[in-house]
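What follows is each chain in one-letter form.
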Amino acid sequence: MELVAAKGIWKSYRETEGKLEILKGLDIYIQQGETVAITGESGSGKSTLLHILGLLDEVDCGEIFYKGELLDTRSIKSDAFRNSKLGFIFQFHYLLEDFTALENVALPNFYLTGNRKAAEQKAAELLARLNLTGRGSHYPNQLSGGEQQRVAVARALINEPDIVYADEPTGNLDQRHSTELVDVLIELNETRGQTFVLVTHDQQIAGRMQKHYILENGVLRIR
Ligand SMILES: Nc1ncnc2c1ncn2[C@@H]1O[C@H](COP(=O)(O)OP(=O)(O)O)[C@@H](O)[C@H]1O
Ligand SMILES: [Mg+2]
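Computed from a prediction, not measured in an experiment: that's the story for all the values here.

## Overview of the environment of Gly 134
Then comes step 1: In this structure, Gly 134 sits in the loop between helix 4 (116–129) and helix 5 (145–157).
Then comes step 2: For Gly 134 and Ala 154, which are 20 residues apart along the polypeptide, the C-alpha to C-alpha distance reads 14 Å.

Written as structure tokens, this is what we have:
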């Protein structure tokens, strides 16, 4: 089933000298249960594209469909939609330093349901699944970089999003932790059918995804 489709996406940024065209009529179709890699030169618009797909930024022109339904990216209650349907993982994990690993993971679910106990129970299960048993009561600064990023993955997954967008999630990790993180994403895809769209500059990681697109001259081409 087609989960997300973006058609004819145009996006530019205003500069003092004029317009900087980033995306130029880009199309992408993402199937449920797929793993998709997007690579491309620095500045080619990868983060811009993820932000648009994740409804964090508006387009100049173009349409985004979710399960076949046209999204009105302006009037949609994007916050609620994002929090329940979409997950995000960034290069820098943005964990809240004053909250434990367990609380960081539980928070988005607590916002969604208002049930703190159930949220923490779910968070504990996810932490276990990501090999973080025993780390729940640690604060972010008491965790290694790889562990912090796995906590961020757990946080992205807690509301059982249909799709997770990851922007260079291994960009800040060494080789071993980077491989471990990608192993976890692939396992989650295989066992839960979790859909992932991953931006990376690592060709080896991109090669582990089912589809690999290159963003070039404002459009995607399949590799
Ligand atoms: N908010 C913004 N205002 C102006 N220019 C921006 C903004 N965000 C990104 N850009 C520019 O758009 C281009 C694409 O950025 P980005 O999507 O971050 O690229 P990538 O993630 O592929 O490195 C870059 O040239 C960047 O400088
Ligand atoms: Mg980027």
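## Some words on the nonpolar core
Then comes step 1: Grouped together as the largest cluster of nonpolar side chains are 34 residues, with contacts concentrated most on Ile 89, Val 105, Leu 130, Val 151, Val 153 and Leu 188.
Then comes step 2: Elements with a contribution of two residues or more to this core: helix 3 (101–113), helix 4, helix 5, strand 7 (163–167), helix 6 (175–192), strand 8 (195–199) and helix 7 (203–208).
Then comes step 3: Not counting the four nearest positions on each side in its chain, Ile 89 is found in contact with Gln 149, Ala 152, Val 153, Ala 156, Val 164, Tyr 165, Ala 166, Asp 167, Pro 169 and Leu 185.
Then comes step 4: Residues Ala 6, Val 36, Leu 71 and Tyr 213 belong to the second largest nonpolar core, which totals 30 residues.

## Points about helix 4
Then comes step 1: A rise of 1.5 Å per residue sets the reference length of helix 4, with its 14 residues, at 20 Å; its end C-alpha atoms lie 20 Å apart and thus fit the reference within 8%.
Then comes step 2: Buried within helix 4 are the following residues: Ala 119, Ala 123, Leu 126 and Leu 127. The buried side chains of helix 4 occupy one side of the element, clustering within an arc of 100° when seen end-on.
Then comes step 3: Buried residues in helix 4 make contact with helix 3, helix 5 and helix 6.
Then comes step 4: One side-chain oxygen of the residue at the start of helix 4 lies 3.2 Å from the amide nitrogen of Lys 117, identifying that residue as Asn 115.
Then comes step 5: Within two residues after helix 4, Asn 131 carries a phi angle of roughly 60°, on the positive side.

## Description of helix 5
Then comes step 1: Compared with the 18 Å implied by 1.5 Å per residue over 13 residues, the 19 Å span of helix 5 between its first and last C-alpha is a close match.
Then comes step 2: Judged by how many residues are buried, helix 5 sits mostly within the fold: twelve of 13 residues are covered.
Then comes step 3: Those residues of helix 5 lying buried are Gly 146, Glu 147, Gln 148, Gln 149, Arg 150, Val 151, Ala 152, Val 153, Ala 154, Arg 155, Ala 156 and Leu 157.
Then comes step 4: Where helix 5 is buried, its residues contact strand 6 (86–89), helix 3, helix 4, strand 7 and helix 6.

## What about the sheet that holds strand 1 (residues 2–15)?
Then comes step 1: As summarised here, the arrangement of the four strands in space is 2-1-4-5, forming an open sheet in which the pairing is antiparallel. Of all the strands in the sheet, the pair left with one neighbour each is strand 2 (18–31) and strand 5 (69–70).
Then comes step 2: Bridge analysis of strand 1 against strand 2 gives eleven bridges, and the strand direction is antiparallel. Within strand 2, the residue paired with Ala 5 across the bridge is Tyr 29.
Then comes step 3: Contacting strand 1, strand 2 and strand 4 (61–66), helix 1 (residues 46–53) crosses the sheet at an angle of about 60° to strand 2.

Parameters and conventions
Residues numbered from 1 in each chain as written. Chains lettered and ligands numbered in written order. Predicted model: local features only at pLDDT ≥ 70, side-chain atom pairs only at ≥ 80, totals over all residues. Heavy atoms only, no water. Helix = DSSP H or I, 4+ residues; strand = E, 2+ residues; numbered from the N terminus. Core = buried A, V, L, I, M, F, W, Y, C linked by side-chain atoms within 4.5 Å. Buried < 20%, exposed > 50% of the residue type's maximum accessible area, 1.4 Å probe, protein only. Contact = heavy atoms within 4.5 Å. Expected span 1.5 Å × (residues − 1). Arc of directions from axis to C-beta. Polar contact = N/O pair within 3.5 Å; in protein donor to acceptor, adjacent residues only side chain to side chain. Pairing = 2+ DSSP bridges. Axes fitted to C-alpha atoms, helices over the stretch in contact; angles between N-to-C directions.

Worth remembering: the numbers are spatial, not functional.
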